[in-house]
Amino acid sequence: MLDAKICPFCKQDNNCQAHVPNNNCWCNEIKVPLELRDLVPEELKMKSCICKDCIQLYKSEKVKFTNKYLL
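Small disclaimer: the values here were computed from a predicted structure and weren't measured.

Reading the values: rules and limits
Residues numbered from 1 in each chain as written. Predicted model: local features only at pLDDT ≥ 70, side-chain atom pairs only at ≥ 80, totals over all residues. Heavy atoms only, no water. Axes fitted to C-alpha atoms, helices over the stretch in contact; angles between N-to-C directions. Helix = DSSP H or I, 4+ residues; strand = E, 2+ residues; numbered from the N terminus. Parallel < 35°, antiparallel > 145°, perpendicular 65-115°, else oblique. Contact = heavy atoms within 4.5 Å. Core = buried A, V, L, I, M, F, W, Y, C linked by side-chain atoms within 4.5 Å. Buried < 20%, exposed > 50% of the residue type's maximum accessible area, 1.4 Å probe, protein only. Phe/Tyr/Trp six-rings, centres within 6.5 Å; stacked < 30°, edge-to-face > 60°.

A. Up close: the packing of helix α2 (residues 52-60) against helix α3 (residues 62-69). Running from N to C, α2 and α3 cross one another at 125 degrees; their axes reach a closest spacing of 5 Å. Looking at the two axes, α2 sits oblique to α3. Of α3, the residues touching α2 (which contributes C54, L57, Y58 and S60) are K62, K64, F65, K68 and Y69.

And the structure:
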């Protein structure tokens, strides 16, 4: 079952508030690398936000991110 509030990588709450009217969510202020967006499973693309922790881990330690969530 699809839950838009769950990060597609760590499976934790992504804390996205973009769907809340008049809310300026953190996700509107952070740049998500295209490479990372491409790694989201096809069935979750544009349906589930990547959490801030996963974005930051990918940006700072791509190998660690890959080993933890993709292998």
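B. Just the nonpolar core, in detail. Among the nonpolar cores identified, the biggest contains 18 residues, and C7, F9, L36, I50, C54, I55 and F65 are the most heavily contacted of them. Examining the composition of this core, we find that four residues originate from one element, α2, more than from any other. In this structure, I50 is in contact with C7, P8, F9, N14, W26, V32, L36, R37, V40 and I55, ignoring residues within four places of it in sequence.

C. The arrangement of the packing of aromatic side chains in detail. Tallying each qualifying case throughout the model produces three aromatic pairs. Both rings, one in Y58 and one in F65, keep their centres 5.3 Å apart while their planes meet at 90 degrees; by these two values the pair is edge-to-face. Judged by relative accessible area, Y58 falls into the buried class, the value being 6%. When its relative accessible area of 0% is taken as the criterion, F65 is described as buried. Here the aromatic residues F9, Y58, F65 and Y69 are joined through ring pairs into a cluster of three or more.

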